[in-house]
Amino acid sequence: MRESFASAPGKVNLVLRSGPPAADGYHPLATVFETVNLREYLRARTRKRPGIGVETRVYDPPVSPAGTPKLNEAATESLAALPTERHLAVRAAKALQPLISQKWGPSAAGLQLTVHKTIPVAAGMAGGSADAAAALVAVNDLWELGLSPAQLEAVGRNLGADVPACLRGGWSFGTGRGDHLESFGEENPGSPHWWALAFAEEGLSTPAVFAKFDEMNLGAQALPTTAGHLGIDPALPAEQLAEHLRNDLAEAALRLRPELAEVGGCALACGALGWMVSGSGPTVAALAKNAAEAERIAAGWMETLEGGPLAGVAVTSGPSVGAKTEISLPDWTNRS
Ligand code: C5P
């Protein structure tokens, strides 16, 4: 038996601009991704039985930078109902299976995947895309396929619009469906931005948010086509970055979930520099001055909104490194 490990980051969108739908029904985007240090961890193992099996464990991410994720049994159980063939990690492995067969023979391609999720499900933070990104990296390593980052990105783009951003990590500017990327500046910027994240009890459907966006006629006529046109430097210190946060989908998401405005207002009252809905929501991301302030905002949410619309809160930083192989899984994956 052989095995490989990989991890991949989630994301928030610092800027998300959207035009009206194109002929294929999809909305053209111009977006700045900041990957964050909530990561999915994946183990890929060979198995004799053909096909691909998957087991997924869902964890609540930590509320403090020193904390560790905690297994969420209810969320793990509900994700177990997802048909295997719809799991993005499985679809990613499947996309590479023809290459495995070519290189190692048709009987070699049996795979067992284990996914440890710390990015909340259906939260607008690219959890599914990060699963795909981690699976691509792990399977590429496991079967010594030798695919380059650009080749993995090309495969990833067909699996989900956010997969290339999760593979690449750092900050990136995405056009098209958000999958055609231009990287920003520094190679290793560290993680200078601190975020408090509020997760809603109920997910928001991306098509429903885009439908509301169309109904409200919110599509921008002209979108920036390069990072330069956008006029924002994602590496700005949080105080300045806060002025540039923008999400064209927010108005539609807030129309569907008015209570999210209260969550944002609560963050500002607790000292957030700014807040936004992440992607198509419903996660609220509040930008903080530093780690301690992010914890203060998370604590404020728990106190003020207890019994309200929130399923949980977390603190994280960004940007994070892209999908990469790991030597092993983190200790907390063995604890429960
Ligand atoms: O990318 P994903 O498959 O999650 O998108 C789900 C749906 O959201 C699409 O079928 C489409 O209706 C809508 N969508 C869109 N424009 C985008 C992304 C998603 O209209 N850029």
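Going by the structure above, here's the rest.
Residues numbered from 1 in each chain as written. Predicted model: local features only at pLDDT ≥ 70, side-chain atom pairs only at ≥ 80, totals over all residues. Heavy atoms only, no water.

The next subject is the packing of helix 3 (residues 127-142) against helix 4 (residues 149-157). At a minimum axis distance of 10 Å, the contact between helix 3 and helix 4 shows a crossing angle of 130°. Here helix 3 is positioned oblique relative to helix 4, judged by the angle of their axes. Crossing hand, helix 3 versus helix 4: right-handed. Along the contact surface, helix 3 presents Leu136, Val137 and Asn140, while helix 4 presents Leu152, Val155 and Gly156. (Axes fitted to C-alpha atoms, helices over the stretch in contact; angles between N-to-C directions. Helix = DSSP H or I, 4+ residues; strand = E, 2+ residues; numbered from the N terminus. Parallel < 35°, antiparallel > 145°, perpendicular 65-115°, else oblique. Left-handed = near helix turned anticlockwise from the far one by under 90°. Contact = heavy atoms within 4.5 Å.)

A word on the site of the ligand. Taken together, Gly25, Tyr26, His27, Leu29, Thr206, Pro207 and Phe210 are the residues near the ligand. Between the ligand and Gly25, the relevant distance is 3.5 Å, taken from an oxygen atom to a main-chain nitrogen or oxygen of the residue. Contacts to the ligand include His27, whose side-chain N or O atom sits 2.6 Å from an oxygen atom. Relative to its free-state accessible area of 450 Å², the ligand is covered by the protein chains to the extent of 62%. Ranked by residue count, the leading element in the shell around the ligand is helix 6 (residues 206-215), at 3 residues. For the shell around the ligand, the residue count by class is 4 nonpolar, 3 polar and no charged. (Near = heavy atom within 4 Å. Polar contact = N/O pair within 3.5 Å; in protein donor to acceptor, adjacent residues only side chain to side chain. Areas by Shrake-Rupley, 256 points an atom, 1.4 Å probe, with all protein chains shown as cover. Nonpolar A, V, L, I, M, F, W, Y, C, P; charged D, E, K, R; others polar.)

Regarding helix 4, the residues found buried are Leu152, Glu153 and Gly156. Burial along helix 4 is one-sided: seen end-on, the buried residues are contained in an arc of 100°. (Buried < 20%, exposed > 50% of the residue type's maximum accessible area, 1.4 Å probe, protein only. Arc of directions from axis to C-beta.)

What follows concerns the pattern of salt bridges. Inspection of the entire model under this criterion finds 14 salt bridges. A salt bridge links Glu144 to Arg2; the nearest nitrogen and oxygen atoms lie 3.3 Å apart. Remark: Arg2 occurs in the segment before strand 1 (3-18) and Glu144 occurs in the loop between helix 3 and helix 4; sequence separation between them is 142 residues. What makes Glu144 partly exposed here is its relative accessible area of 45%. Under the relative-accessibility criterion, Arg2 is labelled partly exposed at 29%. Between Asp179 and Arg157 there is a salt bridge, and its shortest N-O distance comes to 3.6 Å. With Asp179 in the loop between strand 6 (171-176) and strand 7 (180-183) and Arg157 in helix 4, this residue pair connects regions lying 22 residues apart in the sequence. Counted as one network, the salt bridges with shared partners bring together Arg17, Arg246 and Asp248. (Salt bridge = Lys/Arg side-chain N within 4 Å of Asp/Glu carboxyl O.)

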